[in-house]
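Okay, here's what each chain looks like letter by letter:
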Amino acid sequence: MKVLVIGGGAREHALCRSLSLDPDVTALHCAPGNAGIAEVAEVHQVDALDGTAVAGLAASLGADLVVVGPEAPLVAGVADALRERGFPVFGPSAQAAELEGSKAFAKDVMAAAGVPTARAYVCTTPAEIDAALDAFGAPYVVKDDGLAAGKGVVVTGDLATAREHALACGRVVIEEFLDGPEVSLFAVTDGETVVPLQPAQDFKRALDGDEGPNTGGMGAYSPLPWADPKLVDEVLQTVLQPTVDELRRRGTPFSGLLYAGLAITSRGVRVIEFNARFGDPETQVVLARLKTPLAGLLHAAATGTLASLPPLRWSDGAAVTVVVASHNYPGTPRTGDVIEGLAEAAELEDAYVLHAGTAHDAEGRVVSAGGRVLSVTATGPDLGTARTRAYEAVSRIDLPGSHHRTDIAARAAEGS
């Protein structure tokens, strides 16, 4: 199988790494890729938002499967352009991807499907915003209706901050605050059959102790020793399958990766948000534990044959990933800093470095090229071992001005 992956972040590096280890993959390509992906796949330059260009690249490569990683190309209809040319595609249509592209659309689908979620108001005027904020009270949860690269949500106890963010969004969803720990659960679906993956937990805030501003994610771990063993089955029955069934009923079947961001509240499981693609950095730890070859799973989703796939096989061990971010992230990040110690980090047992925002400079050195620069990932028989290995690998990397959280999976490791 010749596989083309679209995207250039750590999520795509994780996908490419797993695909490169799959004996059924005879050729692996990625566009646009990054400095780390170039070590496991042949990289190509393409405008990932241009469906015609992506389909043209897939045709020139003779791709048997195209995997669309990020949300923006999906919402832009890149998967549609590929399907029109006859390519098996892992990723939903533009209409189905509105599940992530519009918070208001997602709320409408959940209401129709009977999926438990936070009560919410969709607001477009200052008066509606003020009424919604007053109705729910603090802490305020304010979400930009559209795509915002993981940074469109503000959770704050300060009314002025909440109102300022809401007014800046245009169309905004204001909802009740959900208490309890958060869980990310991915599911692979062909539009009918839904195959859940293992749950993970990520860390959104920039600083230790969940302090600081929201980010795209500063680290993750899997499995969740504190979670109810029946959680995956419950979410499959009450959230994932009803959502897929409702989208098919509407004539816009969802095929690809359905990501449910969940809150385990005192009143039960509630959906915080849906995404239409693998989450970053949770993908890094979930794929680290998946023993079933990845290409066959994704191809089955792309071709409507998931029902005939054997049950997924998983490692009994644990995985932890720590994000190394550039100076000033999540503000305007500094780029172009030389990254040293990558080879030294890779020498560690069961640890590896996934590139997020990296590039090669004129001298061929690996340099930072984004806010989240690296996802340093490690596995082990338990969370404590995986965590120790991940942080040992982080300690060997030198990126001037960088920062990372030191408490990823700490509490879970103590309790496991």
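Residues numbered from 1 in each chain as written. Predicted model: local features only at pLDDT ≥ 70, side-chain atom pairs only at ≥ 80, totals over all residues. Heavy atoms only, no water.

Per an unreviewed UniProt entry, the protein chain goes by Phosphoribosylamine--glycine ligase and derives from Streptomyces aureoversilis. In its Pathway (unreviewed entry) section, UniProt records this for the protein chain: "Purine metabolism; IMP biosynthesis via de novo pathway; N(1)-(5-phospho-D-ribosyl)glycinamide from 5-phospho-alpha-D-ribose 1-diphosphate: step 2/2." UniProt's Catalytic activity (unreviewed entry) comment on the protein chain is quoted here verbatim: "5-phospho-beta-D-ribosylamine + glycine + ATP = N(1)-(5-phospho-beta-D-ribosyl)glycinamide + ADP + phosphate + H(+)". (UniProt positions renumbered as here; feature names shortened; annotations may be inferred.)

Enquirer: Let's hear about the nonpolar core: which residues, and what values?
Expert: Formed by 78 residues in total, the largest nonpolar core has its most connected members in Leu4, Leu82, Leu240, Phe274, Val320 and Leu374. At eight residues, helix H9 (residues 231-249) tops the list of elements feeding residues into this core. Excluding its chain neighbours within four sequence positions, the residues that come into contact with Leu374 are Val322, Val323, Val324, Ile339, Leu342, Val353, Leu354, His355, Ala356, Thr358 and Ile397. Residues Cys16, Val25, Val195 and Leu306 belong to the second largest nonpolar core, which totals 42 residues. (Core = buried A, V, L, I, M, F, W, Y, C linked by side-chain atoms within 4.5 Å. Buried < 20%, exposed > 50% of the residue type's maximum accessible area, 1.4 Å probe, protein only. Helix = DSSP H or I, 4+ residues; strand = E, 2+ residues; numbered from the N terminus. Contact = heavy atoms within 4.5 Å.)

Enquirer: Give a description of the environment of Phe87 that names residues and reports values.
Expert: Assignment of secondary structure puts Phe87 in the loop between helix H4 (78-84) and strand S5 (89-90). In the structure, Phe87 is positioned 24 residues away from Ala63 in sequence and 7.5 Å away in space, judged by C-alpha atoms. If near-sequence neighbours (up to four positions away) are discounted, Phe87 is found in contact with Ala55, Ala58, Ala59, Ala63, Val66 and Leu82.

Enquirer: Give a description of the pattern of salt bridges that names residues and reports values.
Expert: Scanning the entire structure with this criterion turns up 25 salt bridges. Between Lys143 and Glu175 there is a salt bridge, with its nearest N and O atoms 3.0 Å apart. Of this pair, Lys143 sits in strand S7 (residues 140-144) while Glu175 is found in strand S9 (residues 172-175), placing the two residues 32 residues apart along the sequence. Judged by relative accessible area, Glu175 falls into the buried class, the value being 3%. Across the pair Arg171 and Asp145 runs a salt bridge, and its minimum N-O distance is 3.2 Å. Remark: Asp145 occurs in the loop between S7 and strand S8 (153-156) and Arg171 occurs in the loop between helix H8 (159-169) and S9; sequence separation between them is 26 residues. (Salt bridge = Lys/Arg side-chain N within 4 Å of Asp/Glu carboxyl O.)

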